[in-house]
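Structural description and commentary
Here's the letter readout for the chains.
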Protein chains: 2
Amino acid sequence: MRGNYDFHHASKKYCHSCVINACLGYFRLSGIIKVFLRKAKDPSMKNVFELTQCQSCEQRFTSVLCKARAEYLTEIDDHKILNQYKKGQVLFNEGASPFGVYCISSGKVKLSHLGDDGKEQIVRLLRDGDLLGYRALLSGERYTASAVALEDTHVCFIPKELFIRVLKSDANLSFEMMKLLSNDLHKAELKITHLAQKPVRERLAETLLFIKETYGYEGDGITLNVRLSRDEIANLVGTATESIIRLLSEFKKDGMLELDGKKIKITNAKDLLRAANLQD
Amino acid sequence: MRGNYDFHHASKKYCHSCVINACLGYFRLSGIIKVFLRKAKDPSMKNVFELTQCQSCEQRFTSVLCKARAEYLTEIDDHKILNQYKKGQVLFNEGASPFGVYCISSGKVKLSHLGDDGKEQIVRLLRDGDLLGYRALLSGERYTASAVALEDTHVCFIPKELFIRVLKSDANLSFEMMKLLSNDLHKAELKITHLAQKPVRERLAETLLFIKETYGYEGDGITLNVRLSRDEIANLVGTATESIIRLLSEFKKDGMLELDGKKIKITNAKDLLRAANLQD
DNA sequence: ACTAAATACTGATAAAAGTCATATTCCCTG
DNA sequence: CAGGGAATATGACTTTTATCAGTATTTAGT
């Protein structure tokens, strides 16, 4: 509760998505909203509608959701709701009740816990094709993390009842979900080990490589394809912002990085990997 | 690989379970082993055999596995292999290939990663009724953690093929597995947040309360029902052994604990909870 | 019960990382 | 494009925690 409000007010953003989600909670299956969305005149919505069908979605080969049997995929297609979030907007908030799952069509999302003292801890970074909001939904709890768009993001929302129903009838999808959860769990447990045992310097190097794995490079082949504040990097690494600032310039001095505002260019990935001191 | 050997040699124990497991890998479905096990004359095995049937197992109301449909449970019953491990014995080792899942009938098991520098990080504590070894099996990888018995432990081993087959046909069990994984994931992500944001003192208090939640008290109602070395507590909290020793005696001085070798008595749970500084 | 080894404990010291204060720069908005 | 707020950067300092060295105690095996 407290966390919720803090979060909203800290970011000083009017949380449209909460309003929208609240509405979706009541009307999500009604034709009204679908028509409303489809009739939206915003030209930027145009290409979203071109990607409307799961069957022709760019993420159809990578997304777990698209491993559902064809018949179910069609049903998901018919009932999903398109949604877009501007950078900084909240998809859902820690403490809220899940109404369904989100499938990222394009964009980037961070998933973060709020620590007891109000400090953010980023637990996952998500990209297009990734599924979102399934953890809370599956364990039947409220969200224990908040999801915030890191850039303009297009999302397909699949209502809870449908998702659960498909999951209960499609063993293959269930299995893929279990794989997904197992992988998440593995990553989380690895992070626990590193957080407990590795110094900040190594964790930062590892995090930068992890960001590279997740979001890749821009066209130039060296610039990380995401803009994160020093604060966000700190909340990802699990340390103080000042430490990140100092270490980033240290890495720069050592010729591993080039820094240009929020742009981070990895100029020597080999040394960075060495700095991460990863055995596996 | 390296980790594997280190682990074995560090504990300087002959790893019977590895030998047994290697055999199980080849012969696990053959009647030979079952007969062999059932004919074992060790009197301590007696009560194990009394608990042989999942349908009458003491854990049948708590274990996820027992939420399988009756027909499948019977099949699991027929094909599972009973096994027992002495304190310190290894159920499986990081890096090994999973041949099935383990259901703890009685006893206690720790699940731990080996950090890059060889330091142990305990990621989960397991008790009777808990399932073990499913993470690696589901994501189709080798084990990324080792499982070691914290005391004499009786385990039912369910072969991989059977487990997967039941999972693929029993949607209800699948769903329970997803819940289990979701809960594990939640706990892991919470641990990440606390590891990143809380001081050692608070983490130790939290860990002691967590141990209490997991294993409960002994008959006296205050002694934690498990014996962990200071080293193991440190590997659970994610800190140095000396810090744990110092903090434990600090807690004792503050009247929260009584210490008697590896016995830990919680004499003031309220203060301990306050020391943990948990908001939720 | 005795011995060797492992574990537990203590103090001194060092290193790592956090905090606080204070520039400086960036970027958004009027 | 100027001004203000936020983000970034840097230095001094403090706190926390790890490490090391040495001693005491417990545990396990013969």
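Here the structure is a predicted model, which is why all the values come from computation and not from measurement. All chains use their own residue numbering, which begins from 1 and follows the written sequence. Each chain takes a letter, starting from A, and each ligand takes a number, starting from 1, following the order in which they are written. In keeping with the model being predicted, local features are shown solely for residues with a pLDDT of at least 70 and side-chain atom pairs are shown and tallied solely at 80 or more, while totals for entire chains, interfaces and linings include all residues. Side-chain numbers come from the whole structure's heavy atoms, not from hydrogens or water.

**Observations concerning the sheet that holds strand β1 (residues 81–85) of chain A**
Residue and element names in this part refer to chain A. Heads up, the condition is: Pairing between strands requires that DSSP locate at least two bridges from one strand to the other. Working definition: helices are DSSP H or I runs of at least four residues, strands are E runs of at least two. Numbering for both runs from the N terminus.
Here four strands make up an open sheet; going across it, the order is β1-β8-β3-β6 and the pairing antiparallel. With partners counted over all chains shown, the strands left at the sheet margins are β1 and β6 (131–132), one partner each. Pairing between β1 and strand β8 (residues 153–159): five bridges, direction antiparallel. Following the sheet pairing, Tyr 85 is matched in β8 by Thr 153.

**What to know about the protein's contact with DNA strand D**
Just so we agree on the cut-off: Near residues are defined by distance, with any heavy atom within 4 Å of the molecule or strand qualifying the residue. We call Asp, Glu, Lys and Arg charged. Ala, Val, Leu, Ile, Met, Phe, Trp, Tyr, Cys and Pro are nonpolar, and the rest, Gly among them, are polar.
Neighbouring DNA strand D are 15 residues, the closest being Arg230(A), Arg246(A), Thr239(B), Ser243(B) and Arg246(B). Here DNA strand D approaches the protein such that, of its atoms within 4 Å, sugar and phosphate make up 62%. Only α11 (241–253) of chain A together with α11 (241–253) of chain B provide two or more residues apiece to the surface near DNA strand D. Tallying contributions element by element places α11(A) first for the surface near DNA strand D, with four residues. Looking at the surface near DNA strand D residue by residue, the classes come out as four nonpolar, four polar and seven charged.

**Some words on the pattern of salt bridges**
Our working rule: Every case where a carboxyl oxygen of Asp or Glu lies within 4 Å of a side-chain nitrogen of Lys or Arg is listed as a salt bridge. Each residue gets one of three labels from its accessible area relative to the maximum for its type: buried under 20%, exposed over 50%, partly exposed in between, using a 1.4 Å probe on protein chains only.
Within the structure shown, the criterion is met by 40 salt bridges over all chains. In this structure, Glu120(A) engages Lys110(A) in a salt bridge whose closest nitrogen and oxygen atoms are separated by 3.1 Å. Highlighted residues: Glu120(A) in strand β5 (residues 120–126) and Lys110(A) in strand β4 (residues 109–114), separated in sequence by ten residues. Accessibility classification places Glu120(A) together with Lys110(A) in one group, the buried group. One salt bridge in this structure joins Lys179(B) and Glu176(B), with 3.7 Å as the shortest N-O distance. With Lys179(B) and Glu176(B) both in helix α8 (residues 171–197) and three residues apart, the pair spans about one turn of that helix. With a relative accessible area of 30%, Lys179(B) lands in the partly exposed category.

**Quick notes on the relation of the copies chain B and chain A**
Selection rule: When the copies are superposed, the least-squares fit takes in the C-alpha atoms of residues with a pLDDT of at least 70 in both. Note on contacts: a residue pair is in contact if any heavy atoms of the two residues lie within 4.5 Å.
By a simple turn and slide, chain B fits onto chain A: the slide is 0.0 Å along the axis, the RMSD is 0.0 Å, and the turn is 180 degrees. Look at the turn and shift together and you get a two-fold axis relating the two. Of the interface residues in chain B, 100% have counterparts in chain A that sit at the interface too, so the contact is made through matching surfaces.

**Focus on the interface of chain B and chain A**
Contact with chain B, which involves 46 residues of that partner, is made by 46 residues of chain A. For the pair chain B and chain A, the number of links is four salt bridges. One salt bridge connects Arg124(A) with Glu189(B), and the closest N-O pair in it is separated by 2.9 Å. Of all elements in the fold, only β5 (120–126), α6 (134–139), α7 (160–169) and α8 of chain B reach the threshold of two or more residues within the side of chain B that touches chain A. Here the element with the most residues in the side of chain B that touches chain A is α8(B); it accounts for 22 residues. Class assignment of the residues belonging to the side of chain B that touches chain A gives a composition of 16 nonpolar, 15 polar and 15 charged.

**Considering the sheet that holds strand β8 (residues 153–159) of chain B**
If you trace the four strands from one edge of the open sheet to the other, you get β1-β8-β3-β6 (chain B), paired in antiparallel fashion. Each having just a single partner strand, β1 (81–85) and β6 (131–132) of chain B make up the two edges of the open sheet.

**Quick look at the packing of aromatic side chains**
Stated formally: We call Phe, Tyr and Trp rings a pair once their centres come within 6.5 Å, taking the six-membered ring for Trp, and we label the pair stacked below 30 degrees between planes, edge-to-face above 60, and tilted otherwise.
Throughout the structure, instances matching the rule amount to six aromatic pairs over all chains. Consider the rings of Tyr102(A) and Phe157(A), whose centres lie 5.1 Å apart with planes at 70 degrees: the pair is edge-to-face. With Tyr102(A) in strand β3 (residues 100–106) and Phe157(A) in strand β8, this residue pair connects regions lying 55 residues apart in the sequence. Take Phe157(A): its relative accessible area is 1%, and that puts it in the buried class. Relative to Tyr143(B), the ring of Phe92(B) has its centre 3.7 Å away and its plane inclined at 10 degrees; by these criteria the two rings are stacked. Pair noted here: Phe92(B) is in strand β2 (residues 90–92) and Tyr143(B) is in the loop between α6 and β7 (146–149), with a separation of 51 residues, a long-range link. Residue classification places Tyr143(B) among the buried positions, given a relative accessible area of 5%.

**Examining the side chain of Glu176(A)**
By relative accessible area, Glu176(A) is classed as buried at 15%. Those residues in contact with Glu176(A), other than ones at most four positions away along the chain, are Val64(A) and Lys67(A).

**Here's the deal with the side chain of Arg124(A)**
Condition: Any pair of N or O atoms that falls within 3.5 Å is considered a polar contact. Within protein, one atom must be able to donate a hydrogen and the other to accept it, and sequence-neighbouring residues count only if both atoms are side-chain atoms.
By the element assignment, Arg124(A) lies in strand β5. Engagement of the side chain of Arg124(A) in a polar contact is seen with the side chain of Asp184(A), the distance being 3.4 Å. Here Glu189(B) takes part through its side chain, which lies 2.9 Å from a polar atom of the side chain of Arg124(A). Residue contacts for Arg124(A): discarding those within four places in its chain leaves Val109(A), Lys110(A), Leu111(A), Tyr134(A), Arg135(A), Asp184(A), Leu185(B) and Glu189(B).

**Some points on the protein's contact with DNA strand C**
Inspection of the region around DNA strand C gives 15 residues, with Val200(A), Thr239(A), Ser243(A), Arg246(A) and Arg230(B) positioned closest. The sugar and phosphate moieties of DNA strand C supply 61% of its atoms located within 4 Å of the protein. At a separation of 3.2 Å, a base nitrogen of DNA strand C approaches a polar side-chain atom of Glu242(A). Taking Ser243(A), its side chain carries an N or O atom lying 2.8 Å from a phosphate oxygen of DNA strand C. Only α11 of chain A together with α10 (230–237) and α11 of chain B provide two or more residues apiece to the surface near DNA strand C. Each residue belonging to the surface near DNA strand C can be placed in one class, and the counts come to four nonpolar, three polar and eight charged.

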